[in-house]
Amino acid sequence: MGSASSAQKPKGANKDKKYRIAVMPGDGTGPEVIAEGIKILKAVAASEGLSFEWIPYDLGGERYKKTGEILPGSALAELRKVDAIYLGAIGHPDVKPGILEKGLLLQLRFELDQYINLRPVKLYPNVDSPLKNKGPQDIDFVVVRENTGGIYTGMGGASMVGTKDEVATQLMVYTRPVVERCIRYAYEFTRKRNRKKQLTLVHKNNVLTHCGDLWVRTHKEVGDKDYKDIKQDYNHVDACTMWMVKNPEFYDVIVTENLFGDIITDLGAMIQGGMGIAAGGNINPEGVSMFEPIGGSAPKYTGKNVINPLAAVCAGGMMLETLGEEKAGKRVEDAVFKLLSSGKMKSL
């Protein structure tokens, strides 16, 4: 995790140390890993004087099959009032791909304005990376992905569908405020992380000249004005994928737009040892954030007790940090580090 929420405007710990957490176990193996994560959160809460109210939601594939509901308005209204959302996994083999992803995951991000996707890429001890001769000292960076704009907003359309002249468009659209709030978050995160103090913007401004220029100019203008202590860097996205494999130790914090961030964070998950250890947060620094293991629902493994729960555990630690309970969040990370250092368990 590594100070996963350090750029967020701290809410501070609740005065009564009690947090209302919406729990969405989801589909497939999601309920299994979330159950293990809750065990860890209960343990650290007891030692840190915290308490949780767990509010269950059965949103996901099974509910959709039974009722046709994906994200009812009543549930969304309730979710606006919780302190955080703890999500297992969404994806059901009997539901057409895209229905749940768009109707639930993307809708939550957009409706709750979770405009930052935060993805630590950290190789833990005794976890095998596919990168030869790279160890924990080499793979420890964070990707800040813009999470509610760009091509995923669905602007565009299709005509003459199914004919030989079919036309389809999907537009990458960004405004200065959307770009700037993401870049400012990334600068603040880099400053608080306080490692190399280097922020790398990833885009493709040699081809995507309009959106790319907006991101590049905003990165420079914000940095030059307010973050002179942070080194500015830029990679084309294709070059970034190369350097993440060849020299991951170069990176400190990466900031990027939605589509490119979606792609490079999966590469990041692989170089840190796989989906079993990869956790992420969908962050609204002023509102309700959602935390999840990055791996999918893996329905064929449901009930077999073989899915590694550490990604869900790490997501729980990120949630604690984002709620302002940084000490408790650090205890979760330290416990994962200690377990993996012992060699008793590998994240595969």
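Summarised in this report is the structure supplied together with it. On a predicted model such as this, the values are computed, not experimentally measured, just so you know.

Some words on the packing of aromatic side chains
Here comes step 1: Within this structure, the stated rule accounts for seven aromatic pairs.
Here comes step 2: With a centroid separation of 6.3 Å and an interplanar angle of 40°, the aromatic rings of Y19 and F52 are classed as tilted. Of the two residues, Y19 is situated in strand 1 (residues 18-26) and F52 in strand 2 (residues 51-56); the sequence distance between them amounts to 33 residues. In terms of burial, Y19 and F52 fall into one category: buried.
Here comes step 3: An aromatic cluster of three or more residues is present, and its members are Y19, F52 and W54.
Here comes step 4: One Lys or Arg, K122, reaches over the ring of Y124 and ends 5.7 Å from the middle of that ring.
Here comes step 5: The ring of Y115 has R181 sitting right over it, with the charged end atom 3.8 Å from the ring centre.

Things to note about a nonpolar patch on the surface
Here comes step 1: Nonpolar side chains collect at one region of the surface, where M155, L171 and V173 lie side by side and expose about 240 Å² of accessible area between them.
Here comes step 2: As for its position among the elements, V173 is in the loop between strand 7 (167-170) and helix 5 (176-193).
Here comes step 3: Exposure remark for V173: the relative accessible area of 32% places this residue in the partly exposed category.

Notes on the environment of P248
Here comes step 1: Along the chain, P248 turns up in the loop between helix 7 (237-246) and strand 10 (253-256).
Here comes step 2: Given the relative accessible area of 0%, P248 is considered buried.
Here comes step 3: A C-alpha to C-alpha distance of 9.5 Å links P248 and L131, two positions 117 residues apart in sequence.
Here comes step 4: The residues touching P248, leaving out its near neighbours within four places in the chain, are L131, K134, D138, I139, F141, W243 and I271.

Things to note about the side chain of R119
Here comes step 1: As for its position among the elements, R119 is in strand 4 (residues 116-122).
Here comes step 2: For the buried R119, which has no salt bridge, the nearest side chain bearing the opposite charge is D266, at an N-O separation of 6.3 Å.
Here comes step 3: Polar contacts involving the side chain of R119 include one to the main-chain carbonyl oxygen of T265, which spans 3.4 Å.
Here comes step 4: Only 3.1 Å separates the side chain of R119 from the backbone oxygen of A279, close enough to count as a polar contact.
Here comes step 5: With residues near it in sequence (within four places) discarded, R119 still touches F141, V142, V143, T265, G268, A269, Q272, A278, A279, G280 and I294.

Focus on helix 5
Because each turn of an α-helix spans 3.6 residues, side chains separated by three or four positions end up pointing in the same direction.
Here comes step 1: With 18 residues, helix 5 should reach 26 Å at 1.5 Å per residue; the first-to-last C-alpha distance of 25 Å fits that figure.
Here comes step 2: Taken as a whole, helix 5 has its buried residues at V179, C182, I183, Y185, A186, Y187, F189, T190 and R193.
Here comes step 3: One or two residues past the end of helix 5 sits N194, with phi positive at roughly 55°.

Focus on the packing of helix 1 (residues 30-48) against helix 9 (residues 310-322)
Here comes step 1: Relative to each other, helix 1 and helix 9 sit at 45°, their axes nearing to 8 Å. When the axis of helix 1 is compared with that of helix 9, the two are oblique. Crossing of helix 1 against helix 9: the hand is right-handed. Of helix 9, the residues touching helix 1 (which contributes V33, I34, G37, I40, L41 and V44) are A312, V313, G316, M319 and L320.

Thresholds applied
Residues numbered from 1 in each chain as written. Predicted model: local features only at pLDDT ≥ 70, side-chain atom pairs only at ≥ 80, totals over all residues. Heavy atoms only, no water. Phe/Tyr/Trp six-rings, centres within 6.5 Å; stacked < 30°, edge-to-face > 60°. Helix = DSSP H or I, 4+ residues; strand = E, 2+ residues; numbered from the N terminus. Buried < 20%, exposed > 50% of the residue type's maximum accessible area, 1.4 Å probe, protein only. Lys NZ or Arg CZ within 6 Å of the ring centre and 35° of its normal. Patch = residues over 30% accessible without salt bridge, like charges linked within 9 Å, V, L, I, M, F, W, Y side chains within 5 Å. Areas by Shrake-Rupley, 256 points an atom, 1.4 Å probe, with all protein chains shown as cover. Salt bridge = Lys/Arg side-chain N within 4 Å of Asp/Glu carboxyl O. Contact = heavy atoms within 4.5 Å. Lys, Arg positive; Asp, Glu negative; His and termini not counted. Polar contact = N/O pair within 3.5 Å; in protein donor to acceptor, adjacent residues only side chain to side chain. Expected span 1.5 Å × (residues − 1). Axes fitted to C-alpha atoms, helices over the stretch in contact; angles between N-to-C directions. Parallel < 35°, antiparallel > 145°, perpendicular 65-115°, else oblique. Left-handed = near helix turned anticlockwise from the far one by under 90°.

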